[in-house]
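Topology and contacts: notes
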Amino acid sequence: MERVARAPSAAPAYLLLTATALLWAGNAVTSRWAPGHISPQVITTLRWAVACAVLAPIAGRRLVAEWPVLRPHWLRILLMGGLGYTAFNCLFYAAGAYTGAINLALFQGAIPVLVIVLNRLAYRVPVTPGQLAGVGLTLVGAGLAATHGDWAVLTHLAFNRGDVLVFGACLLYAGYTIFLPTRPKVSGLAFFAAMAIAALLTSLPPLAVEWATGHAVWPGRTGWAMVVFVGLGPSLLAQLFFMRGVELIGPNRAGLFVNLVPIFGAILAVLLVGEPFGATEAAALALVLGGIACAERLKPVRRDAPDPAYSQTRTRRM
């Protein structure tokens, strides 16, 4: 009876989480389109301005009501919003000027494995042989994507600048992820609203620097279309969809849907940007997806608790 009762709630979660992955993949393609239409810092600030404007009537009252609980943690919120949202997006959009949308999506798909590695370093979460194999496969796939199949690049350390930037962005987001379960005991909507405000505030200094150095590109019609999409889609709807999906089926199962990002990103890049999809890209995509699947599926079977990537930190929530 218990299993039958759970079944109806899974289908909406699958739809929401699939839509989340599609929106995040769209963000990767947008970052490739953005150069020339809008600069990295401008789109980063405007996307969070759009998200905050839409959130104000939805989450404003709840944020005010729960602010006494959030206030002691304002520094953590500022850092998590600044690194997980602002710095991630700044690096991600800057990378779009140097590397392809397929590579952006491939590296983003490696985030779950980076979370496993950082969880091991930060919280001593045990890593199984299957997870180690998954990490190895994913790193090979990321290396193949970064070198574009030319392994001689490794001997000269001449990586594409965009690949380095996007890897740094993914590393920041993975770090943000392992600290996310330690958030204060408030509603997800109120906490996300606080994070969105933090992201907007921390995006202003980099915007000022970009403007002062003459590198700011303000949006025209196409640029504003991008701002609206990333503000309403990847910044707002995707986060809310993901939050609801986690509530319905739990973080362990919901986290697997992040692995759809490189698939959707590759498809969108081919369909919309017209980038080539050859044997090298296919092999890199297969290695990244295979590595993530290996790391996620060959987990310890000794627990009924959530994935250690979450459960070990969830006990530290304050």
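The rules we used
- Residues numbered from 1 in each chain as written.
- Predicted model: local features only at pLDDT ≥ 70, side-chain atom pairs only at ≥ 80, totals over all residues.
- Heavy atoms only, no water.
- Helix = DSSP H or I, 4+ residues; strand = E, 2+ residues; numbered from the N terminus.
- Buried < 20%, exposed > 50% of the residue type's maximum accessible area, 1.4 Å probe, protein only.
- Contact = heavy atoms within 4.5 Å.
- Areas by Shrake-Rupley, 256 points an atom, 1.4 Å probe, with all protein chains shown as cover.
- Axes fitted to C-alpha atoms, helices over the stretch in contact; angles between N-to-C directions.
- Parallel < 35°, antiparallel > 145°, perpendicular 65-115°, else oblique.
- Nonpolar A, V, L, I, M, F, W, Y, C, P; charged D, E, K, R; others polar.
- Expected span 1.5 Å × (residues − 1).
- Bend = angle between axes of the 7 residues up to and from the residue.
- Phe/Tyr/Trp six-rings, centres within 6.5 Å; stacked < 30°, edge-to-face > 60°.
- Left-handed = near helix turned anticlockwise from the far one by under 90°.
- pLDDT = per-residue confidence, 0-100.
- Patch = residues over 30% accessible without salt bridge, like charges linked within 9 Å, V, L, I, M, F, W, Y side chains within 5 Å.
- Salt bridge = Lys/Arg side-chain N within 4 Å of Asp/Glu carboxyl O.
- Lys, Arg positive; Asp, Glu negative; His and termini not counted.

This part is about the overall build of the protein chain. Of the regular secondary structure elements, the protein chain holds 14 helices and zero strands. Traced from its N-terminal end to its C-terminal end, the protein chain shows the element sequence α-α-α-α-α-α-α-α-α-α-α-α-α-α. Relative to its 318 residues, the protein chain shows a buried fraction of 51%. Taking contacts inside the protein chain between residues at least 6 apart in sequence as the whole, the part at least 24 apart equals 89%. Of the roughly 14,800 Å² of accessible surface on the protein chain, a fraction of 69% belongs to carbon and sulfur atoms.

Another aspect to go through is the packing of helix H3 (residues 74–95) against helix H9 (residues 188–212). Running from N to C, H3 and H9 cross one another at 70°; their axes reach a closest spacing of 8 Å. On the basis of their axis angle, the class for H3 and H9 is roughly perpendicular. Where H3 abuts H9, its residues Ile77, Leu78, Met80, Gly81, Gly82, Tyr85 and Thr86 lie against Phe191, Phe192, Ala194, Met195, Ala196, Ala198, Ala199, Thr202 and Ser203. Classifying every residue of the contact of H3 with H9 gives 11 nonpolar, five polar and no charged.

Glancing now at H3. Over its 22 residues, H3 runs 30 Å from end to end, which matches the ideal 32 Å to within 8%, given 1.5 Å per residue. For H3, the principal kink sits at Gly82 and spans about 30°.

Our next topic: the packing of aromatic side chains. Scanning the entire structure with this criterion turns up seven aromatic pairs. When the ring of Tyr85 is compared with that of Phe192, the centres are 6.2 Å apart and the planes differ by 75°; the resulting orientation is edge-to-face. Of this pair, Tyr85 sits in helix H3 while Phe192 sits in helix H9; the two residues are 107 residues apart in sequence, bridging distant segments of the chain. In this pair, the class of Tyr85 matches that of Phe192, namely buried. Here the aromatic rings of Trp211 and Trp218 are separated by 6.1 Å at their centres, their planes lie at 85°, and the arrangement is edge-to-face. Residue class for Trp218 comes out partly exposed when judged on its relative accessible area of 44%.

Relative orientation of the contacting elements helix H2 (residues 40–70) and H3 amounts to 160°, with a least axis distance of 12 Å. Viewed along their axes, H2 and H3 adopt a mutual orientation that is roughly antiparallel. At the point where H2 passes H3, the crossing takes the right-handed sense. Residues Pro40, Gln41, Ile43, Thr44, Arg47, Trp48 and Leu70 of H2 form the contact with H3, whose participating residues are Trp74, Ile77, Tyr85, Thr86, Asn89, Cys90, Tyr93 and Ala94. Residues of the contact of H2 with H3, tallied by class, amount to 10 nonpolar, four polar and one charged.

Interpretation of this model should avoid reading the predicted coordinates in detail wherever pLDDT is low. For the protein chain, mean pLDDT is 78; residues scoring 70 or higher make up 80% of the total. Across residues 1–8, where pLDDT falls below 50, the model places zero contacts with residues more than four positions away in sequence or in other chains. Considering only residues more than four positions removed or in separate chains, one finds that residues 302–318, a stretch of pLDDT under 50, has 35 contacts.

A surface patch of nonpolar side chains, amounting to about 760 Å² of accessible area, comprises Trp67, Trp74, Leu75, Leu78, Leu79, Ile197, Leu201 and Leu204. Sorting the residues of the nonpolar patch by element identifies H3 and H9 as the ones contributing at least two each. No other element matches H3, which puts four residues into the nonpolar patch. Mapped onto the elements of the fold, Leu201 is located in helix H9. Under the relative-accessibility criterion, Leu201 is labelled partly exposed at 49%.

For Thr86, the location among the structural elements is in helix H3. Contacts of Thr86, omitting those with residues within four sequence positions, involve Thr44, Gly81, Ala199, Thr202 and Ser203.

To continue, consider the side chain of Glu66. Take Glu66: it is sitting in helix H2. At 4.3 Å, Arg62 is the nearest oppositely charged side chain to Glu66, a buried residue that forms no salt bridge.

Mapped onto the elements of the fold, Thr20 is located in helix H1 (residues 2–33). Residue class for Thr20 comes out buried when judged on its relative accessible area of 1%. For the pair Thr20 and Phe257, spaced 237 residues apart in the sequence, the C-alpha separation amounts to 8.3 Å. Residue contacts for Thr20: discarding those within four places in its chain leaves Ala238, Phe241 and Phe242.

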